[in-house]
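Each chain, written out:
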Amino acid sequence: MFKKLAVIMLVLGMSLALCGLASAKEVVMFGWSAEEGASKPVIHDMLKHFTQKSGIKVKWTGAAWSNIQKNLFLKLRSKQTPDAVQLQARWLPTFARLPQIVDLNQVFGKEYLESKVAPGTLGLGRVGDRQLGLPWVAGSVGMVANLNVLKAAGVSELPVTIDEFIEVCKKVKKAKPNSVPYSLNSKNNNGIILDFQIWLWTYGGRLFDHEAKKVVVNSPESVKAVQFMVDMINSGLSAKDIDRPDSRRLFGQEEVAFYFDAPVAKAFGRKFSGKGPAYDKVIAPMATPVVKKGDTPRSVQWGHLLVMFKKDGKIPTKEDVGAKLIDYLGTDMEPQLIYFKGTGLFPVATAALGSEAVKKDPYTSAWTKHAQTALRNELAGWKSTADMTNVIGEEVQAALLGNKSAKEAVADMQKRLEPLMAKEK
């Protein structure tokens, strides 16, 4: 009987060992890009190449972009921690407070990461002295124009000033009465904050002073920025209840002339036009219109990060499956160029940036030129980023809906942001 029991225990032990071996050959990744139609096939192509190269199967568990933060907190709380996670760069300060988040310098070594990605770009994933995220793609949120829509309205040159921009929008509206010439993000707080900041900077305002010590949004410049957005809605040149996904679809359907997006705008243009890469020549990255000629055009620094979280309190090593996947996606030329060619998102790996495919791409060259004057999202780095985003989005929406004047919305924004800033101190 004891011999039979020993045999059973041996078999069970071998089975558990085999199960452990099998699980070690699978990596769980969580993010949103493979949930979006334009980038889904590209992401799965990258993950397939990783599996072919490493022998490690990737299990994708995704959610819509707007639900990522909530779902990730739930996963961490219930100890269903993914091996690798995709985050928006501006979300990092929120997750930096969690004790589970991993300093990637401890996994790969600072020197290794800096040899693969330019130190300036690595800064997107740095909080203090900790490298909490490895940039996956980087660039800016800037304006794109649909050349077909402009041509149909008799417009041959991109507007430089805001006055020119308004006149072009009027021509588009006249040529196509049901169109939305400038698709302002008017309903999603996470999107509103980007449009608002760009126009705020354009008019010379800021949310916080340059030392980030006090709120300074209650200014004449801020009122002008909000009033400009309100006027675009009231004149029918923009529309209520539109967010980024709506803008992308309408742009590809040639119902929108201008909107703000990341470089992935090219992928969505291809998808929603139904014309694939042939549509690239229609999508024109452009400088944000300025108050007067000679002013500096503004856009928002932007990027996606790859992060890791501890499991059972343990810091992963570079041999762990999550680390292998992150290293491959963030530093290897192969997946970086797959992503770039498939979506137009800019690579971050030094090797990929030096490739001929990147150097000779006109879309990338144009976007890179305009991104040189991009500013860091003023909400990046704060513990109360989510609360601040909601305050700003709610006040801007109140003005867009006509519930408050631009002056009242900006004054209330200041009052609501000040206590949040005080908590930061």
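Attention in this report is confined to the structure presented alongside it. Each residue is numbered by its place in its chain's sequence as written, counting from 1. Only residues with pLDDT of at least 70 get local features here, since the model is predicted, and only at 80 or more are side-chain atom pairs given and counted; chain-wide, interface and lining totals rely on the full set of residues. Side-chain metrics rest on all non-hydrogen atoms present in the structure, leaving aside hydrogens and water.

### Observations concerning the overall build of the protein chain
Piece 1. Counting secondary structure elements, the protein chain contains 20 helices and 10 strands.
Piece 2. Taking 2.2 N^0.38 as the reference for a compact globule, 425 residues should give roughly 22 Å; the C-alpha atoms of the protein chain span a radius of gyration of 24 Å, in line with that estimate.
Piece 3. Taken along the three principal axes of its C-alpha coordinates, the protein chain extends 90 × 50 × 40 Å.
Piece 4. In this scheme, a residue with accessible area under 20% of its type's maximum is buried, one over 50% is exposed, and one in between is partly exposed, where area comes from a 1.4 Å probe on protein chains only. Within the span of the protein chain, comprising 425 residues, buried residues form 52% of the whole.
Piece 5. Contacts in the protein chain between residues at least 24 apart in sequence constitute 74% of all its contacts with a sequence separation of at least 6.
Piece 6. For the protein chain, the separation between the mean place of its 58 positive charges and that of its 42 negative charges on side chains is 4 Å. The secondary structure listing takes helices from DSSP runs of H or I that are at least 4 residues long and strands from runs of E that are at least 2 residues long, numbered from the N terminus. To get the radius of gyration, use the C-alpha atoms; to get the globule rule, take the number of residues to the power 0.38 and multiply by 2.2 Å. Note on definitions: a residue-residue contact is assigned when non-hydrogen atoms from the two residues lie within 4.5 Å. Charged residues are defined here as Lys and Arg on the positive side and Asp and Glu on the negative side; His and the ends of the chain fall outside this count. We put the charge of a Lys on NZ, of an Arg on CZ, of an Asp on CG and of a Glu on CD.

### Re the layout of surface pockets
Piece 1. Buried and open spaces are told apart on a 1 Å grid over the protein atoms alone, a cavity being a set of points where a 1.4 Å probe fits but cannot get out and a pocket being an open set with protein on both sides within 12 Å along at least five of seven lines. Residues with an atom within 4 Å of a point are the lining residues. Grid points are joined across faces, edges and corners, and a volume is the space filled by probe spheres set on the points. One number sums up the size of the largest pocket: a volume of about 660 Å³.
Piece 2. For the largest pocket, the lining is made up of 33 residues, of which L124, A138, G139, Q301 and W302 are closest to its centre.
Piece 3. When contributions to the lining of the largest pocket are tallied by element, the ones reaching two or more residues are α4 (92–96), α7 (119–122), β4 (126–127), β6 (134–146), β10 (300–307) and α18 (362–371).
Piece 4. Looking at side-chain class alone, the lining of the largest pocket contains 17 nonpolar, 13 polar and three charged residues.
Piece 5. Approximately 540 Å³ is the volume attributed to the second largest pocket.
Piece 6. Secondary structure elements with two or more residues in the lining of the second largest pocket: α10 (189–202), α12 (244–252), β8 (256–261), α13 (265–273) and β10.
Piece 7. Here the term charged refers only to Asp, Glu, Lys and Arg, the term nonpolar to Ala, Val, Leu, Ile, Met, Phe, Trp, Tyr, Cys and Pro, and the term polar to all other amino acids, Gly among them. Among the residues making up the lining of the second largest pocket, the classes are represented as 14 nonpolar, nine polar and seven charged.

### A short note on the packing of α12 against α13
Piece 1. Here an axis means a line fitted to C-alpha atoms, over the contact stretch when the element is a helix, while the angle between two N-to-C directions is reported on a 0 to 180 degree scale. Packing of α12 against α13 leaves a shortest axis separation of 7 Å and a crossing angle of 55 degrees. The angle between α12 and α13 places the two elements in the oblique class. α13 is crossed by α12, and the crossing has right-handed handedness. Between α12 and α13, the residues in contact are R248, R249 and G252 and F268, F272 and S273, respectively.
Piece 2. A per-class count over the contact of α12 with α13 returns two nonpolar, two polar and two charged. Should an angle fall under 35 degrees it is called roughly parallel, over 145 degrees roughly antiparallel, and 65 to 115 degrees roughly perpendicular, with every other angle called oblique. For a crossing to be left-handed, the near helix must be turned anticlockwise from the far one by less than a right angle; the clockwise case is right-handed.

### As for the environment of K176
Piece 1. Examined against the element boundaries, K176 turns out to sit in the loop between α9 (162–175) and β7 (180–182).
Piece 2. Exposure remark for K176: the relative accessible area of 33% places this residue in the partly exposed category.
Piece 3. Remark: the alpha-carbon pair of K176 and A152, spanning 24 residues in sequence, is separated by 8.6 Å.
Piece 4. Separated by 2.9 Å, the side chain of K176 and the backbone oxygen of E254 make a polar contact. Counted as a polar contact is a pair of N or O atoms within 3.5 Å, where, for protein atoms, one must be capable of donating a hydrogen and the other of accepting one, and residues adjacent in sequence contribute only when both atoms are in side chains.

### Quick notes on the environment of E114
Piece 1. Summarising the element assignment, E114 is placed in helix α6 (residues 110–116).
Piece 2. The exposure class of E114 is partly exposed, given its relative accessible area of 33%.
Piece 3. C-alpha separation for the pair E114 and T350, spaced 236 residues apart in sequence, amounts to 9.4 Å.
Piece 4. With sequence-adjacent residues up to four places away left out, E114 is seen in contact with P119 and L122.

### Here we look at unusual backbone geometry
Piece 1. For D241, which is not glycine, the phi torsion reads 60 degrees and is therefore positive.
Piece 2. As for its position among the elements, D241 is in the loop between α11 (220–234) and α12.
Piece 3. Located in the positive-phi region is E254, a residue other than glycine, with phi close to 60 degrees.
Piece 4. With respect to the helices and strands, the residue E254 is situated in the loop between α12 and β8.
Piece 5. Taking relative accessible area as the criterion, E254 reaches 21% and is therefore assigned partly exposed.

### What to know about the packing of aromatic side chains
Piece 1. Each Phe, Tyr or Trp ring (for Trp, its six-membered ring) is paired with any other whose centre lies within 6.5 Å, and the angle between the two planes then decides the class: stacked below 30 degrees, edge-to-face above 60, tilted in between. Taken as a whole and judged by the stated rule, the model has 19 aromatic pairs.
Piece 2. Taking the centre distance of 5.5 Å and the plane angle of 45 degrees together, the rings of F50 and Y328 count as tilted. Of this pair, F50 sits in helix α2 (residues 40–54) while Y328 sits in helix α14 (residues 321–331), and the two are 278 residues apart along the sequence. Each member of the pair, F50 as well as Y328, is classed as buried.
Piece 3. Between F268 and F272, the aromatic rings sit 6.2 Å apart at their centres with planes inclined by 10 degrees, giving stacked as the arrangement. Pair noted here: F268 and F272 are both in helix α13, with a separation of four residues, about one helical turn.

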